[in-house]
Amino acid sequence: MLENVKSVILVLSGKGGVGKSTVSTQLALTLKERGFKVGLLDVDLCGPSVPHILNLENENIHQGTDGWVPVYLDKEQRLGVMSIGFLLKSRNDAVVWRGPKKTAMIKQFLEDVYWQDLDFLVIDTPPGTSDEHITVMENLRQIPQCSAIIVTTPQEVAIEDVRKEITFCRKTGISILGIIENMSGYQCPTCNECTNIFSSGGGKSLAEISKLQFLGCLPIDARVGKLAGQGLAAVKELPDSTTSKVLNDLVTVLAESIQNGS
Amino acid sequence: MSNIPENAPNHCPGTQSEDAGKASACAGCPNQNICASGVPAGPDPAIELIKNRLSNVKHKILVLSGKGGVGKSTLTSLLGHGLAARFPDKNIGILDADICGPSQPRMLGVRGEQVHYSGSGWSPVYVGDNLSLMSIGFLLGSPDDAVIWRGPKKNGMIKQFLSEVEWGELDYLLIDTPPGTSDEHLWGVHYVAGAGVSGTSDEHLSAVQYLSGAGLSGALVVSTPQEVALLDVRKELNFCRKLDVRVLGVVENMAVFVCPNCKSRSEVFPATTGGAAAMCEELEVPLLGALPLEPLLARAADSGHSYLQLQPPGSQTLVAMDQILDKIVAACESTS
Ligand SMILES: Nc1ncnc2c1ncn2[C@@H]1O[C@H](COP(=O)(O)OP(=O)(O)OP(=O)(O)O)[C@@H](O)[C@H]1O
Ligand code: SF4
Ligand SMILES: [Mg+2]
Ligand SMILES: [Zn+2]
């Protein structure tokens, strides 16, 4: 499974709404801008948001001879996207598949997509140590080139759930690349004063406690929020933003890790 | 909720049907393996148990969202405190049904409390004179422990929560749920709402059949203003409609931010598609109100203090909460 993929990156959190999908899509877009061949797999069966964020809502996936053909964002096919969202009829539909069926669906998503050769496959996961998670983890733990990035927000309620997720990774044997803190602070557009709406520093101290690498803080940036729905890369549209700097640094870390690995 | 995937053949019996994956139409369907893996089940005696257990609870309200992290738990605890303060003679309960990431023990400041099991069931933890809480968080050892349970076990846990907590007489029971149209939801809805219909149906089948029962007062649906959240919330509303769960209304959370320095208002999560108001109009559900993005509320949740007790002067949040409570109370009273 996924033999043609050099590195599989799972984007995880324990807490909902910490911005995993935003991080996953912006990470995939940054990797693409930096010249890599990238796949983005959205395994959130109940609330797939990747098609909306990348402005691919009306696209369809096709069954090819080698498996499902992903939707490509660009003509050069540097970024391929696969999401359950492409299989749903209307944006208001929710797929209510129960446990065992979900498991089989995810398996199919992992095994039956024809990705071609990829440098990175970014997997956006649903929140919580849910069934979806367990299935994804069980299927990917045997893959040596798989590792996880943990996304958290700074406040205690979130950190608590993320600690559970770290334990979960360790139990499953998935290696963790590091922790990224999202929604760190908000800069007032009028006076530029930065308010730590959700307190601050939680991600960094979590990284220290858990002995994991800290990959940086992404601020709350309404401009980045507005890129959702347009499929635009922050590193291209907002090159001077903190967001772009953190994403670029992250890609540098990832690029080194595949060089060391292969 | 779509029972028939787009890629299914014409005579697809529906992914939730007993024949899913086994009907003659299923031969050659790309989803056959998925559908065939479903486990059938028989009628469930728990329905009756839960019905009896919750018969002393007047109003049962599910707090849902579809999207994670939009503030379901924060709103649940705020409303719990709000109801308890408003009605000193009534009893309010909170059931934290998020068994993967229970946040109520922390938010309500009762982390580490012990729950006791007696002959009549689990006793909830008292947060105040008339506010009690039951959460899976009380049954976990360390904060690092993850509950790694598969669907059926989770359902068992929720079933147990619903059928074995000794709430006593309650006027309001608020049920905080995990994000998404996930299994936990279905089960919560199924059991609570089903209190009233006895187990004639296959529990694996759609929960709709149980919903003719008068168990559930309705659902509060929480959203934030941006489209990425509304997308999921629309699905959740659709889900409620399909299951015949009454939607008491939508609460928009984290709507505006007032800068503590210059007092100007800004949209942190831009409502590029008109926010919750436009969605409510489109889907014809009531909008109950909007809570601002309030750093003090986040702080209160982290530290386990009641936001009401912090008595923030001139708080927009309290004004908004009161209006939301008025509407919830009115909606609940109108049904009983
Ligand atoms: N109006 C608000 N102002 C400021 N912070 C808020 C507000 N509402 C929620 N928060 C904060 O946002 C975070 C997420 O909220 P909460 O945990 O209630 O979300 P949830 O919907 O229950 O998440 P999950 O889907 O993970 O259960 C918390 O840290 C909370 O304190
Ligand atoms: S396998 Fe059968 S039930 Fe499942 S989608 Fe296909 S036709 Fe429908
Ligand atoms: Mg919650
Ligand atoms: Zn300001």
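As the structure is a computational prediction, the values presented were derived from the model and not from experiment. (Residues numbered from 1 in each chain as written. Chains lettered and ligands numbered in written order. Predicted model: local features only at pLDDT ≥ 70, side-chain atom pairs only at ≥ 80, totals over all residues. Heavy atoms only, no water.)

**Digging into the UniProt feature "binding site: [4Fe-4S] cluster 2" (unreviewed entry) in chain B**
In this structure's numbering, the residues bearing the UniProt feature "binding site: [4Fe-4S] cluster 2" (unreviewed entry) are Cys259 and Cys262 of chain B. Looking at the secondary structure, you find Cys259 of chain B in the loop between strand E10 (257–258) and strand E11 (265–266). When residues no more than four places from it in sequence are discounted, the contact partners of Cys259 of chain B are Cys188, Cys191 and Glu193 of chain A together with Ser264 of chain B. Note on placement: Cys262 of chain B falls in the loop between E10 and E11. Ignoring sequence-local partners within four residues, the contact set of Cys262 of chain B consists of Cys188, Thr190 and Cys191 of chain A. (UniProt positions renumbered as here; feature names shortened; annotations may be inferred. Helix = DSSP H or I, 4+ residues; strand = E, 2+ residues; numbered from the N terminus. Contact = heavy atoms within 4.5 Å.)

**Quick notes on the site of ligand 1**
Among the 23 residues in the neighbourhood of ligand 1, the closest are listed as Lys15 and Gln155 of chain A together with Ser73, Thr74 and Glu294 of chain B. Here Gly71 of chain B contributes a backbone N or O atom positioned 3.0 Å from an oxygen atom of ligand 1. For ligand 1, a nitrogen atom lies 2.7 Å from a polar atom in the backbone of Glu294 of chain B. Considered on its own, ligand 1 offers 630 Å² of accessible surface; in the complex 98% of this is hidden by protein. For the shell around ligand 1, the elements supplying multiple residues, two or more each, are helix H3 (72–86) and helix H9 (295–303) of chain B. (Near = heavy atom within 4 Å. Polar contact = N/O pair within 3.5 Å; in protein donor to acceptor, adjacent residues only side chain to side chain. Areas by Shrake-Rupley, 256 points an atom, 1.4 Å probe, with all protein chains shown as cover.)

**Focus: the packing of helix H7 (residues 227–242) of chain B against helix H8 (residues 275–283) of chain B**
All names here are of chain B. One way to put it is that H7 packs onto H8 with a least axis distance of 11 Å and a crossing angle of 30°. Taken together, H7 and H8 sit at an angle that is classed as roughly parallel. Considering the relative orientation of H7 and H8, their crossing is right-handed. Contacts from Leu230, Val233, Arg234, Leu237 and Arg241 in H7 reach Gly275, Ala276, Met279, Glu282 and Leu283 in H8. Among the residues making up the contact of H7 with H8, the classes are represented as 6 nonpolar, 1 polar and 3 charged. (Axes fitted to C-alpha atoms, helices over the stretch in contact; angles between N-to-C directions. Parallel < 35°, antiparallel > 145°, perpendicular 65-115°, else oblique. Left-handed = near helix turned anticlockwise from the far one by under 90°. Nonpolar A, V, L, I, M, F, W, Y, C, P; charged D, E, K, R; others polar.)

**Comments concerning the coordination of the zinc ion (ligand 4)**
A four-donor tetrahedral metal ideally has 109.5 degree angles, and a six-donor octahedral metal ideally has angles of 90 or 180 degrees. Those protein atoms acting as donors to the zinc ion (ligand 4) are Cys188 of chain A (SG), Cys191 of chain A (SG), Cys259 of chain B (SG) and Cys262 of chain B (SG), and they sit at 2.3 to 2.4 Å. For the zinc ion (ligand 4), the 4 donor atoms in the first shell make angles of 106 to 112° at the metal, so the coordination geometry reads as tetrahedral. Since its relative accessible area comes to 1%, Cys259 of chain B is described here as buried. Its relative accessible area of 30% is what places Cys262 of chain B among the partly exposed residues. (Donors = N, O, S within 2.8 Å, 3.2 Å for Na, K, Ca; no water. Tetrahedral: all angles 85-135°; square planar, octahedral: opposite > 155°, others 65-115°. Buried < 20%, exposed > 50% of the residue type's maximum accessible area, 1.4 Å probe, protein only.)

**Concerning the packing of helix H5 (residues 156–172) of chain A against helix H6 (residues 202–210) of chain A**
All names here are of chain A. Where H5 contacts H6, the two axes come as close as 11 Å, and the packing angle between them is 35°. Remark: the crossing between H5 and H6 carries right-handed chirality. Residues Ile159, Val162, Arg163, Ile166 and Arg170 of H5 form the contact with H6, whose own contacting residues are Gly202, Gly203, Leu206 and Ser210. Split by residue class, the contact of H5 with H6 holds 4 nonpolar, 3 polar and 2 charged.

**Thoughts on the UniProt feature "binding site: [4Fe-4S] cluster 1" (unreviewed entry) in chain B**
Residue and element names in this part refer to chain B. In the numbering used here, UniProt assigns the feature "binding site: [4Fe-4S] cluster 1" (unreviewed entry) to Cys12, Cys26, Cys29 and Cys35. Of the residues just listed, which span 24 residues, no C-alpha pair is farther apart than 10.7 Å, and they cluster in one region. Mapped onto the secondary structure, Cys12 falls in the segment before helix H1 (32–36). Judged by its relative accessible area of 16%, Cys12 is buried. Along the chain, Cys29 falls in the segment before H1. Judged by relative accessible area, which is 13%, Cys29 ranks as buried. Residues contacting Cys29, with those up to four places away along its chain left out, are Ala8 and Pro9.

**Quick look at the UniProt feature "binding site: [4Fe-4S] cluster" (unreviewed entry) in chain A**
In the numbering adopted here, UniProt assigns the feature "binding site: [4Fe-4S] cluster" (unreviewed entry) to Cys188 and Cys191 of chain A. Following the sequence through the fold, Cys188 of chain A ends up in the loop between strand E9 (175–187) and strand E10 (194–195). Setting aside chain neighbours within four positions, we find Cys188 of chain A in contact with Glu193 of chain A together with Cys259, Cys262 and Ser264 of chain B. Note on placement: Cys191 of chain A falls in the loop between E9 and E10. By relative accessible area, which is 28% here, Cys191 of chain A ends up partly exposed. Sequence-distant contacts of Cys191 of chain A, defined by excluding residues within four places in its chain, comprise Cys259, Asn261 and Cys262 of chain B.

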